[in-house]
Amino acid sequence: MKDDGKKKRIGVFVCHCGVNIAGVVDVEKVAELLKDYPGVEFSTDYVYMCSEPGQQLVLDKIKEDKLDSVIIAACSPTLHEKTFQSAAELAGLNPHQVEIANIREQDSWVHPDRDKATVKAVKIVKSMVEKAIQNEDLEPIKVGVFKKALVIGGGVTGLQAAMDIADQGYEVIVVEKEPSVGGKMIQLSETFPTLDCSQCILTPKMVEVTRHPKIKLMTYSEVESISGFVGNFKVRIKKKPRFVDEDKCKLCNECADVCPQIVPDEYNMGLSFRKAIYMPFPQAVPGTYTLDMESCLGTLPIRCGKCKDVCDAQAIDYDMKEEIIEEEVGAVVVATGYDLYDMKALGEYGGENYEDVLNGLEFERILSASGPTGGKVQRPSDGKVPKNVVFIQCAGSRDPENHNSYCSKICCMYTAKHAMLYKHRVHDGNAIVFYIDVRTGGKNFDEFYQRATDDESILYLRGKVSKIFKEGNKMIVWGVDTLTGQKVEVEADMVVLAMAMTKADGVPELMKKLKISIDGNGWLAEAHPKLRPVESLNQGFYLAGAALGPKDIPEAVAQASAAAAKVGALFAKDELMHAPTIVPVIEELCSGCGICVSMCPYGARTLNAVRKVIEVNEVLCEGCGACAAACPAGAAQQLNQSDSQIFSMVKAILRG
Amino acid sequence: MRVKLKIGENEKKFINRVNELTGDNVYRCYQCGRCSASCPMAQEMDLLPNQIIRKVQMGQEEDIIGSKTLTLCASCFACQGRCPKGIDIAAVCEAIRHLLEPKGKDFWGPDDVQPELAKELPQQVLVAVYKKFAK
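Only a predicted model underlies this, so the values are computations on that prediction, with no experimental measurement involved.

Enquirer: Just give me the short version of the overall build of chain B, but keep the residues and values in it.
Expert: Of the regular secondary structure elements, chain B holds nine helices and one strand. When the elements of chain B are put in sequence order from the N terminus, they spell out β-α-α-α-α-α-α-α-α-α. Put simply, chain B has 135 residues, and 44% of those count as buried. Residue pairs in contact within chain B that sit at least 24 positions apart in sequence constitute 61% of those at least 6 positions apart. Summing over all exposed atoms, chain B offers an accessible surface of approximately 7,500 Å²; the carbon and sulfur share of this is 52%.

Enquirer: Can you break down the state of the cysteines residue by residue, with the values?
Expert: Residue and element names in this part refer to chain A. Counting across every chain of the model gives one disulfide over all chains. Between the sulfur atoms of Cys197 and its disulfide partner Cys200 the distance amounts to 2.3 Å. When the S-S torsion is 85°, as for the bridge of Cys197 with Cys200, the disulfide is right-handed. Not engaged in a disulfide, the cysteine Cys621 finds its nearest cysteine sulfur in Cys627; these two sulfurs lie 6.1 Å apart. Residue class for Cys621 comes out buried when judged on its relative accessible area of 8%. Cysteine Cys627 remains unbridged, with the sulfur of Cys596 as its closest cysteine sulfur at 6.0 Å. Note on Cys627: relative accessible area 7%, which makes it buried.

Enquirer: How would you sum up the packing of helix H6 (residues 156–166) of chain A against helix H14 (residues 553–571) of chain A? Please name residues and give values.
Expert: Residue and element names in this part refer to chain A. Axis separation between H6 and H14 bottoms out at 8 Å; the angle between their running directions is 35°. In this structure, H6 crosses over H14, and the sense of that crossing is right-handed. Contact residues: Val156, Thr157, Gln160, Ala161, Asp164 and Ile165 in H6; Ile553, Ala556, Val557, Ala560, Ser561, Ala564 and Val567 in H14. The class makeup of the residues in the contact of H6 with H14 is nine nonpolar, three polar and one charged.

Enquirer: Tell me about the pattern of salt bridges, and name the residues and values.
Expert: This structure, assessed with the given rule, holds 36 salt bridges over all chains. Ionic pairing is found between Glu20 of chain B and Arg17 of chain B, a salt bridge with its closest N-O pair at 3.0 Å. In this pair, Glu20 of chain B and Arg17 of chain B are both assigned in helix H1 (residues 9–22), three residues apart and thus about one turn of the helix distant. What you see here is one network of salt bridges that share partners, running through Asp356, Arg379, Asp382 and Lys384 of chain A.

Enquirer: Describe the environment of Lys12 of chain B, listing the residues and the values that go with them.
Expert: Looking at the element boundaries, Lys12 of chain B is found in helix H1. Spatially, the C-alpha atoms of Lys12 of chain B and Met45 of chain B are 26 Å apart, while their sequence positions differ by 33 residues. Here the side chain of Lys12 of chain B touches Asn430 of chain A through a polar contact of 3.4 Å, side chain to side chain.

Enquirer: Provide a residue-level description of the packing of H1 of chain B against helix H7 (residues 89–100) of chain B, including the pertinent values.
Expert: Residues and elements named next belong to chain B. One can describe the packing of H1 onto H7 by two numbers: an axis separation of 9 Å at closest approach and a directional angle of 120°. When the axis of H1 is compared with that of H7, the two are oblique. Considering only the axes of H1 and H7, their crossing is right-handed. Contact residues: Phe14, Arg17, Val18, Leu21 and Thr22 in H1; Ala91, Val92, Ala95, Ile96, His98 and Leu99 in H7. Of the residues belonging to the contact of H1 with H7, the class tally is eight nonpolar, two polar and one charged.

Enquirer: Lay out the domain arrangement of chain A in plain terms, naming residues and giving numbers.
Expert: By the assigned domains, chain A splits into domain 1 (10–140), domain 2 (148–240 + 322–337 + 505–571), domain 3 (254–310) and domain 4 (340–502). Centre-to-centre separation of domain 1 of chain A and domain 4 of chain A, based on C-alpha positions: 60 Å.

Definitions and limits used
Residues numbered from 1 in each chain as written. Chains lettered and ligands numbered in written order. Predicted model: local features only at pLDDT ≥ 70, side-chain atom pairs only at ≥ 80, totals over all residues. Heavy atoms only, no water. Helix = DSSP H or I, 4+ residues; strand = E, 2+ residues; numbered from the N terminus. Buried < 20%, exposed > 50% of the residue type's maximum accessible area, 1.4 Å probe, protein only. Contact = heavy atoms within 4.5 Å. Areas by Shrake-Rupley, 256 points an atom, 1.4 Å probe, with all protein chains shown as cover. Disulfide = S-S within 2.5 Å. Axes fitted to C-alpha atoms, helices over the stretch in contact; angles between N-to-C directions. Left-handed = near helix turned anticlockwise from the far one by under 90°. Nonpolar A, V, L, I, M, F, W, Y, C, P; charged D, E, K, R; others polar. Salt bridge = Lys/Arg side-chain N within 4 Å of Asp/Glu carboxyl O. Polar contact = N/O pair within 3.5 Å; in protein donor to acceptor, adjacent residues only side chain to side chain. Parallel < 35°, antiparallel > 145°, perpendicular 65-115°, else oblique. Domains from an automatic or database assignment.

This is how it looks when you write it as structure tokens:
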């Protein structure tokens, strides 16, 4: 407890908030009753305390009455605490001497009885006076910033974020786990609603990123761990061995020509094959071959070793080892993307068993000029051109009982695109779409969908398909048209399932390492869904793209730029100010039991085994108070929220 | 009962003929149902106007043949006037009636009109109706 014999001079300002507070609480009475409370020097009420004249009133009174602490009895501190702290600062008062007594959300809004609500308001304000009596001046903790960013994920979101940060003049490291950047977008054929060729618009960005002097690209690499705090992170990146020297590789393909090992090609969604030594696709960045050791027959001459023999450039090195690279960065952008929901989960549609039941990405590859059929629509089972194609929307989406409760957002548009592109290539074919709603919100989106129905005569049937089975070489689709009330059966040559978007593989594990919270569906959780959409609650981490939830390319790109702007704002400062309301340790009381270490969600507390006391990293501490509540000895006391302050507040409330 | 949905040669011929006669494309209809909501005769119909369009989209000519809707349509154009895609549904009904005529699917002649009603109705109306639905 602060006990320097100096009596505090506290000012109390009670806000009417129009009728929001004054309609229920007798604000004048509250101000009047507080006048004689010990410690209170001045007390008044005003109609809108947050207004310019309201703030001026506070400012003037601080100077006039030499107040050393103020209580604003108004709305929640989340709204205007900062407003009044800065007003107080202008008057020369330490901002940590400003307290907000919430008599709106916690009183007038939830109580109808005027008398009782007024009594409660008085108690709330008195308790804050008690707290203020013991408040001390606090100065923000200053930390330096390492002006280099890490971007996790090399899809369109990650690349855009990297470019936008680098263009602001800061260094960026992009970490991508696959052998090439490009993500899911590079697999798409054409993009809605403009039908731009996906590769044509993405490959220039990929090349730009490799050439940018401020960007360091690390493909075939994964983030192993991140420690530290905002502005000062230490990152360990695992660089997987490619067994091919990127700089020496001449892309002659001779290694792949001689490689005897054939495995499904990931880029073509397993619809074609690649060799164990391969380049994912012709425009891959970096342009180099990669030896996939899991598929390799063996590097010893007795087993195989053919690729090394034929490589004139001597780029192949079987002794390449996994490397751990350490980097220091100040901010991290997480752009880990999405995956498609597994067709196995929808057994009734048979995607797992029938070759001619495809997911959306597989069909993208079939439509793509760089795909397994060179863009000709042929069905996988026998290569025939399918004349009747059924498209099924909401496969795994909007099904809270069995699959995912959310709408995957992009499927309505890409299904319209699929059906349209199919009709462009197979003029006499029939495209039938089963849907439960068509959701085409977005610029030029509904027009695109109407183009599909108007110009291409695509039949949209309203109803969810119950099952798909094979009869001869046809796929029989059982569905319904709820608009005419008919159960229908369609003989299809091929079926395309608009599978739900889902969290990317390995994301929950990675987020656990980064201490970024995820929601029930595995999507990354933003700090505020409306006002802080690209920030994580964990400071210094910014989020963008489909990792946050289903979204299309323009939205993902916009988020990438937004995250880059946030990183830029962080790097524009030479020092960061960290809130000083932390929980230090009173070493004389600390027994070094370590309970607080396990309670701390930010990793701010460590046990000094030699001195047997807890040490606190001031910058990591967010002042949540978990340790203060847990400490059996009372050695963890939060600044301006000590046990002694809390007891005084409780007493004030109980006394009335 | 499960209906086999087939859009083969015959179905396409039917759909294309309706499109030709109306100068429109039935697939433009996205089944909002505003025509049915607007139709003053809808409560008497066995297939709602939007369902007629849907059945054309699905090539289900047989289902339309027996429908009362075609005779109940008074060509008042409330449907067309309100259709967000500007589809002339009355014209679609007219086109279907025209297509069904050679198939012996006529609807209405002088014998079908009750004598009392025939007395009350203006001659012009009866002639127009006989012409529209002539045997």
